[in-house]
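Here are the chains, one letter per residue:
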There are 2 protein chains.
Amino acid sequence: MDSNSIVQTRTFTFAEPPDELQLECDAKLGPITVAYETYGKLNDKKDNAILICHALSGDAHVAGRHSPDDKKPGWWDNMVGDGKGFDTSKYYVICSNILGSCYGTTGPTSIDPKTNKSYGVLFPIITVADMVNVQAKLLDNLGIEKLLCVAGGSLGGMQVMEWAISYPDRVCSSMVIASTARQSPQAIAFDAVGRNAITSDTEWNSGDYHLKNKQPAKGLSIARMIGHITYLSDESMHEKFGRRLQEKVEYGYDFTHDFQIESYLAYKGSQFVQRFDANSYLYITKALDYFDLVQKHGSLKNAFANVKAKFLIISFSSDWLYPPYQSKEIVRALLDNGKQITYCEIQSSYGHDAFLLEVDEMTKIITNYLKKV
Amino acid sequence: MDSNSIVQTRTFTFAEPPDELQLECDAKLGPITVAYETYGKLNDKKDNAILICHALSGDAHVAGRHSPDDKKPGWWDNMVGDGKGFDTSKYYVICSNILGSCYGTTGPTSIDPKTNKSYGVLFPIITVADMVNVQAKLLDNLGIEKLLCVAGGSLGGMQVMEWAISYPDRVCSSMVIASTARQSPQAIAFDAVGRNAITSDTEWNSGDYHLKNKQPAKGLSIARMIGHITYLSDESMHEKFGRRLQEKVEYGYDFTHDFQIESYLAYKGSQFVQRFDANSYLYITKALDYFDLVQKHGSLKNAFANVKAKFLIISFSSDWLYPPYQSKEIVRALLDNGKQITYCEIQSSYGHDAFLLEVDEMTKIITNYLKKV
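Residues numbered from 1 in each chain as written. Chains lettered and ligands numbered in written order. Predicted model: local features only at pLDDT ≥ 70, side-chain atom pairs only at ≥ 80, totals over all residues.

## Topic: the overall build of chain A
Within chain A, the regular secondary structure consists of twelve helices and 14 strands. In summary, chain A has a C-alpha radius of gyration of 20 Å against a globular reference of 21 Å for 373 residues, a match within 12%. Expressed along its principal axes, the backbone C-alpha trace of chain A runs to roughly 65 × 50 × 50 Å. (Helix = DSSP H or I, 4+ residues; strand = E, 2+ residues; numbered from the N terminus. Rg over C-alpha atoms; globule rule 2.2 N^0.38 Å.)

And the structure:
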């Protein structure tokens, strides 16, 4: 398959009452629909499956196009396809939209069968472990017992670690890219301010904005702008925007946008509002903030004690959301357990976004790594 | 004087129409009132005056108390007083509230004589150079021709540079602390999102909230929270808060505050709304964003070509708002001009806030520096 291949999002529904899924928060949830896509072919031995886990605002649509008119291919199309890092001529690649999101998998925009209305903030708080448990049910349904690899960046990397820990017998290898074993207080702080911006927007309406067919657009846009600053780096902002003015030759001496960086953020914010749900943003950032393998397992060494998978850890030098030192904490904990581990810190000015942009470096590393697995 | 000394804020008014002050944006402004405080005594030669320039949310009240009941002394009381870094038994210390602020100096909350209402967003856009020109008028009024030293951190440091450049004959020495010669795109980005949060708040009411005697409290609070994240550091957040929960033993699995860092930011946000004006926040952050000595003078070397003052530049290792490399750009430009310059990078985990917290280190450096001047 290539960037122009037509792919379809499929769905799988499970956990029909009374067999709801037990969540980490103690609540039960069901039915649960999972939206997913697959690329390449599952071989007869069923041992060439790779699960890709997406980040905060991603979806199941990793590669190819949904229709010939699609302007853009999937979000990691430069990494997934025939001859690419995740080579679909060899591997069967699966990606599903995470629990709590708004791209086909059950989340706060879904209809609560108990009320026949959108869940809104009555949706239970979900965690990375819950997301992974849903993915495991999907794999059961696809008849895949063991994954050749689970890979993901950022929140995706958290899911990868959770997979290796919760399902040690189902994972041969794990790729944790630009991620962390526990959300730092600084990362929590940014998320908290973003959530505050959403819930402070009067259009949020205590989470019931769906009734009015509206979004807390201003709040969600601000949350996204904050997010974007953390995805870039001081260096990449200097390179990409500097202090260049936006369609002006001199300062406007007013409160319109003077600088390109201002227009860029405003544009990214307004774009995001068109494609993402504000409540999903609340739930998923909460899952990020709750992610803490140290607290959950007593120590990071304990967390990885029973994993059987090999690990590839990749960090990026200018990523200040999940800086390289946080990847090194994971490396150390795995080494302390005598696990097989490869660590690469890629020199990049792109900040956290590097995991979506440093395609050449990553392709080399991932291609070689998968050959050995 | 010491922390319990009672000090008074005084005011000076000038630029009465038709002699309004010419601003950089081309508008004229008048009358202008400046709120200021002084500490220590001006000697007969009038050569022991030190001007302290405050940062974004500061005021003229640097040290001592306004009344015996005051809970806290001034914002830099640990640095200003008898025997302290800025030793008031030797020096005559002056600090004035900056133009555009809300602590007694003319700003958007002031009454526009043309309309008899608060200026609101009809207040002209002001720059760091305008702030400094107002301070110069105050010094004229106080009969001080030449300053032994101008000192300030952050936005205060920008004013210091502007002083040395615009009034080369009036400044013996300059202390630029935790500052930059030009606001970086990342710093602009944070300011822009903060302004966006304020103007997105429906209570902002196009800047006319004074009519309703209200504040865009939610928006201003979000702007302040964003600011606070940039004043701390990843390291100081780990030290100060870590992932500790706020009055909980386990996750709440809801959208109340789970983490101490969340409560801290919310508290800081709500406190700020009680003491600061939202429009002033818009104006002062705009002045920060417009500050660019490179653009204004063609190059940083040009900017400092005619300064006569000696320079002390201090940066803090973990300050990521105005990182040490930005101080080093100033150092380099001064050295290229053959100016007398001392540079200190203080090792600190406090981030940008270090200029208010690293009292011992700074006292040593500043005391010694002033002795030599």
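Next comes the rest of the description.
## Here's the deal with the nonpolar core
In this structure, Ile50(A), Val93(A), Ile50(B) and Val93(B) are the most contacted members of the largest nonpolar core, which totals 252 residues. In this structure, Val93(A) is in contact with Thr38(A), Tyr39(A), Gly40(A), Ile50(A), Ile52(A), Val62(A), Val80(A), Phe86(A) and Thr88(A), ignoring residues within four places of it in sequence. (Core = buried A, V, L, I, M, F, W, Y, C linked by C-beta atoms within 7 Å. Buried ≥ 20, exposed ≤ 12 C-beta atoms within 10 Å, placed from the backbone. Contact = placed C-beta atoms within 7 Å.)

## Remarks on unusual backbone geometry
Residues and elements named next belong to chain A. A cis geometry characterises the amide bond from Pro-17 onward to Pro-18, with omega recorded as 10 degrees. Inspection of the secondary structure assignment puts Pro-18 in the loop between strand E1 (10–14) and strand E2 (21–22). Across the junction of Gly-30 and Pro-31, the peptide omega takes the value -5 degrees, indicating a cis bond. If you trace the backbone, Pro-31 turns up in the loop between strand E3 (28–29) and strand E4 (32–39).

## Things to note about the sheet that holds strand E11 (residues 149–153) of chain A
Residue and element names in this part refer to chain A. Spatial ordering of the open sheet is given by E1-E4-E8-E5-E11-E12-E13-E14, a layout of eight strands whose pairing is mixed. Among the strands making up the open sheet, the edge pair consists of E1 and strand E14 (341–346). The average angle at which neighbouring strand axes cross in this sheet is 20 degrees, direction not considered. Along the sheet, helix H1 (residues 128–142) makes contact with E1, E4, strand E5 (49–53) and strand E8 (92–96), crossing E4 at roughly 60 degrees. Sheet contacts for helix H2 (residues 155–166): E5, E11 and strand E12 (173–177); angle to E11, the most-contacted strand, approximately 150 degrees. (Pairing = 2+ DSSP bridges. Axes fitted to C-alpha atoms, helices over the stretch in contact; angles between N-to-C directions.)

## A few points about the sheet that holds strand E12 (residues 173–177) of chain B
All names here are of chain B. With respect to topology, eight strands assemble into an open sheet ordered E1-E4-E8-E5-E11-E12-E13-E14, the strand pairing being mixed. What marks the edges here is a single partner per strand, and that holds for strand E1 (10–14) and strand E14 (341–346). Within the sheet, the average angular offset between the axes of one strand and its neighbour, ignoring direction, is 20 degrees. Judged from the five bridges that link them, E1 and strand E4 (residues 32–39) form a sheet pairing that is antiparallel. Bridged to Arg-10 within E4 is Tyr-36. Those strands touched by helix H1 (residues 128–142) are E1, E4, strand E5 (49–53) and strand E8 (92–96), and its axis lies near 60 degrees from that of E4. Together, E5, strand E11 (149–153) and E12 form the strand contacts of helix H2 (residues 155–166), whose direction differs from that of E11 by roughly 150 degrees.

## Some remarks on the packing of helix H4 (residues 217–231) of chain A against helix H6 (residues 260–275) of chain A
Residues and elements named next belong to chain A. In contact at an axis separation of 8 Å, H4 and H6 are set at 125 degrees when each is read in the N-to-C sense. Considering their axes alone, H4 and H6 lie oblique with respect to each other. Classified by chirality, the crossing of H6 by H4 is right-handed. Along its contact with H4, which presents Ala-217, Leu-220, Ser-221, Ile-222, Arg-224, Met-225 and His-228, the element H6 presents Leu-265, Lys-268, Gly-269, Ser-270, Phe-272 and Val-273. For the contact of H4 with H6, the residue count by class is seven nonpolar, four polar and two charged. (Parallel < 35°, antiparallel > 145°, perpendicular 65-115°, else oblique. Left-handed = near helix turned anticlockwise from the far one by under 90°. Nonpolar A, V, L, I, M, F, W, Y, C, P; charged D, E, K, R; others polar.)

## What about the relation of the copies chain A and chain B?
Superposition of chain A onto chain B requires a rotation of 180 degrees combined with a translation of 0.0 Å along the rotation axis, giving an RMSD of 0.0 Å. Interpreted geometrically, this transformation is the action of a two-fold axis. (Least-squares fit on C-alpha atoms with pLDDT ≥ 70 in both.)

## Structural notes on the domain arrangement of chain A
Residue and element names in this part refer to chain A. Split by domain assignment, chain A resolves into domain 1 (10–182 + 294–372) and domain 2 (188–285). Each of domain 1 and domain 2 has a C-alpha centre, and the two are 26 Å apart. Taken together, the 22 residues of domain 1 in the interface contact 17 residues of domain 2. (Domains from an automatic or database assignment.)

## Side note on the interface of chain A and chain B
Contact residues are listed per partner, giving 39 residues for chain A and 39 residues for chain B. Looking at the side of chain A that touches chain B, its residues break down into 24 nonpolar, eight polar and seven charged.

## Focus: the pairing of E4(B)
Residue and element names in this part refer to chain B. Burial within E4 is extensive, with six of its eight residues counted as buried. As paired strands, E4 and E8 are joined by four bridges and run antiparallel to one another. What sits directly across from Tyr-39, in E8, is Val-93.

## Description of helix H10 (residues 324–336) of chain A
All names here are of chain A. End to end, H10 covers 18 Å across 13 residues, agreeing with the expected 18 Å (1.5 Å per residue, within 8%). Of the positions making up H10, those classed as buried are Pro-324, Gln-326, Ser-327, Ile-330, Ala-333 and Leu-334. Contacts from the buried residues of H10 go to E12, helix H9 (300–303), strand E13 (310–316) and E14. Positive phi appears at Gly-338, one or two residues downstream of H10, with a value of about 70 degrees. (Expected span 1.5 Å × (residues − 1).)

## Some words on the confidence of the model for chain A
Detailed reading of the predicted coordinates is not advisable wherever pLDDT is low. Averaged over chain A, the pLDDT score is 97; the fraction of residues at 70 or greater is 100%. Both scores are given for the predicted complex: the pTM is 0.98, the ipTM 0.97. (pLDDT = per-residue confidence, 0-100.)

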